[in-house]
Amino acid sequence: MFKKIIILISLFFLTGCTQTYYLNNMSIEDIININIASESDLHNVNNKGYKYNLPAGFSIYSDQDYNQVLLSENNKYYLNIDIVSYYYKNNITTEYEYDDYMYYTFENNNKNGYLRITKNNDYFFVELCYNYAIIEVEVKEEDLKYAVSRGMLILNSIKYNNLVITKFIEDNNIENSETLYKIPEPENKTDSKNILEYIDESEVED
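Everything numeric here is computed off the predicted structure, so don't read it as measured data. (Residues numbered from 1 in each chain as written. Predicted model: local features only at pLDDT ≥ 70, side-chain atom pairs only at ≥ 80, totals over all residues. Heavy atoms only, no water.)

A. Structural view of the pairing of strand 7 (residues 111-120). Across eight bridges, the pairing between strand 6 (residues 100-108) and strand 7 is antiparallel. Bridge pairing in strand 7 links Asn-108 to Lys-111. Where strand 6 folds back on strand 7, the antiparallel hairpin that results is connected by two residues, among which Asn-109 adopts a positive phi of roughly 50 degrees. Bridge analysis of strand 7 against strand 8 (residues 123-130) gives seven bridges, and the strand direction is antiparallel. Considered in strand 8, the bridge of Arg-116 is made with Glu-127. Taking the residues that link successive antiparallel strands as the turn, the strand 7-strand 8 hairpin has two residues, and the phi of Asn-121 there is positive, at about 60 degrees. (Pairing = 2+ DSSP bridges. Helix = DSSP H or I, 4+ residues; strand = E, 2+ residues; numbered from the N terminus.)

B. How the structure looks around the sheet that holds strand 10 (residues 159-160). On the basis of which strands lie adjacent, the open sheet formed by three strands has the order 1-2-10 and antiparallel pairing. Two strands bound the open sheet, and with one partner strand each, they are strand 1 (45-47) and strand 10.

C. Representation of the sheet that holds strand 5 (residues 75-81). Strand order in the open sheet formed by seven strands is 3-4-5-9-8-7-6, with antiparallel pairing between adjacent strands. Lying at the two open borders of the sheet, with one neighbouring strand each, are strand 3 (59-64) and strand 6. Across the sheet, the mean angle separating the axes of adjacent strands is 15 degrees when strand polarity is ignored. Across the face of the sheet, helix 5 (residues 144-157) comes into contact with strand 4 (67-72), strand 5, strand 6, strand 7, strand 8 and strand 9 (133-140) while running at roughly 20 degrees to strand 8. (Axes fitted to C-alpha atoms, helices over the stretch in contact; angles between N-to-C directions. Contact = heavy atoms within 4.5 Å.)

D. The arrangement of the pattern of salt bridges in detail. Summed over the entire model, instances satisfying the criterion amount to three salt bridges. As a salt-bridge pair, Asp-100 and Arg-116 come within 3.0 Å of each other at their nearest N and O atoms. With Asp-100 in strand 6 and Arg-116 in strand 7, the pair connects residues that are 16 residues apart, well separated along the chain. (Salt bridge = Lys/Arg side-chain N within 4 Å of Asp/Glu carboxyl O.)

Bear in mind that shape data such as this cannot, by itself, settle questions of function.
Shown next, in the form of C-alpha cells:
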C-alpha cells in the first residue's frame with residue numbers, strides 16, 4: 001500500500017501532458033489524499049509569519065499580508081491565511097449544506113480540512129480549507145481537478161513562523177475566538193451574485 005502511494009505521488013508531480021493525464025484519471029478525493037500524504041520543503045513565497053510554494057503557472061495578483069489573490073489561467077484564487085486559528089490551534093470547520101455539489105472532509109497529522117464545491121450556472125465555486133488556510137476560486141467544470149490539485153499543493157506547503165505569529169497575536173491582543181479570515185457577504189442574501197463577485201467589488205471600492 002505504501003509503495004502504491006509513493007508511485008502515485010511521483011506520477012502526480014510530473015509535468016506537462018503526463019500530469020494532466022493522471023489528474024483527469026483520478027478522483028478529486030484521490031487528488032486531495034495524495035497531496036496531504038506528500039511532504040515538501042519547497043518554498044518560494046515568504047510573508048509575515050508564513051511561507052509557501054507557489055506552483056508554476058501562478059502569480060501573485062495582490063498581497064494584503066494574510067489575504068492574497070493568486071492568478072492562474074485567468075482565474076483568481078483567493079488565499080486566506082488564518083494565523084489566529086493556527087496560534088490557538090482552532091479547527092476551521094463547516095458542515096454539509098443541501099445545495100453542495102460536492103462536500104468532502106479529510107485529516108492528516110491532526111490537521112483537518114474540507115472541500116466544498118457549489119455550482120453556479122456553468123461555473124463551480126471551490127472552497128478548499130486545510131492547514132489553517134482557505135483557498136477559494138470559481139472555475140469551469142473542466143478546470144475543477146486542476147484547481148483542487150493546485151490549491152492543495154499551496155495549502156499543504158504552508159509553513160508557519162511561530163515567533164512572528166506569537167508577536168503579532170500578543171501585540172494586537174487578539175483573542176482565540178477571533179479570526180483574520182473574513183469573507184464579504186452580500187447585503188441581500190437572495191442576490192444571484194456569488195461570493196467572489198462581492199470580493200472583486202470590495203477590491204475595486206478599496
